[in-house]
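So you can see what is in the structure, the chains are spelled out below.
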Amino acid sequence: MTQVTVTKKNNLFWEIEIKGHALSGKYNEDIVCAGISSVVFGICNALSELTNYNEDLIIFKEGLIKIPQISEEKEVQLICEVMIVQLETIKRSYPQYIEIAIK
């Protein structure tokens, strides 16, 4: 299961961590994992190209993507909100493969 942990401070996004694998299918045939990866990598690219967010802060490891120190900048917050909406959409169709916790 993929676990998404969203940490907020003062009702703003502060950190988002995505870890684990969906395991909804065979390796390289897992459509849930592919959907999650597409959303998250697209958002990381948007943060890098459309805002002043320092992309060097993003941690990419096997089974882990962490977006730390999210700024209060309006555009950064909106892009992060879009990611959560997209991941919630995936969760509606595949609830057994993705968990989203907001703290």
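Residues numbered from 1 in each chain as written. Predicted model: local features only at pLDDT ≥ 70, side-chain atom pairs only at ≥ 80, totals over all residues. Heavy atoms only, no water.

### Observations regarding the pattern of salt bridges
For side chains bearing opposite charge, pairing can occur when the charged atoms are close.
Next, step 1: This structure, assessed with the given rule, holds two salt bridges.
Next, step 2: In this structure, Lys-66 and Glu-17 form a salt bridge, with 3.8 Å as the shortest nitrogen-oxygen distance. Pair noted here: Lys-66 is in strand 4 (residues 64-67) and Glu-17 is in strand 2 (residues 12-19), with a separation of 49 residues, a long-range link.
Next, step 3: On the basis of relative accessibility, which here comes to 22%, the residue Lys-66 falls in the partly exposed class.
Next, step 4: What you see here is one network of salt bridges that share partners, running through Glu-15, Glu-17 and Lys-66. (Salt bridge = Lys/Arg side-chain N within 4 Å of Asp/Glu carboxyl O. Helix = DSSP H or I, 4+ residues; strand = E, 2+ residues; numbered from the N terminus. Buried < 20%, exposed > 50% of the residue type's maximum accessible area, 1.4 Å probe, protein only.)

### Topic: the side chain of Thr-2
Next, step 1: In this fold, Thr-2 is placed in strand 1 (residues 2-9).
Next, step 2: A distance of 3.1 Å separates the side chain of Thr-2 from the backbone nitrogen of Ala-22, its partner in a polar contact.
Next, step 3: Once you skip the residues sitting within four places of it in the chain, Thr-2 turns out to touch Ile-18, Lys-19, Gly-20, His-21, Ala-22, Ile-36, Tyr-97, Ile-98 and Glu-99. (Polar contact = N/O pair within 3.5 Å; in protein donor to acceptor, adjacent residues only side chain to side chain. Contact = heavy atoms within 4.5 Å.)

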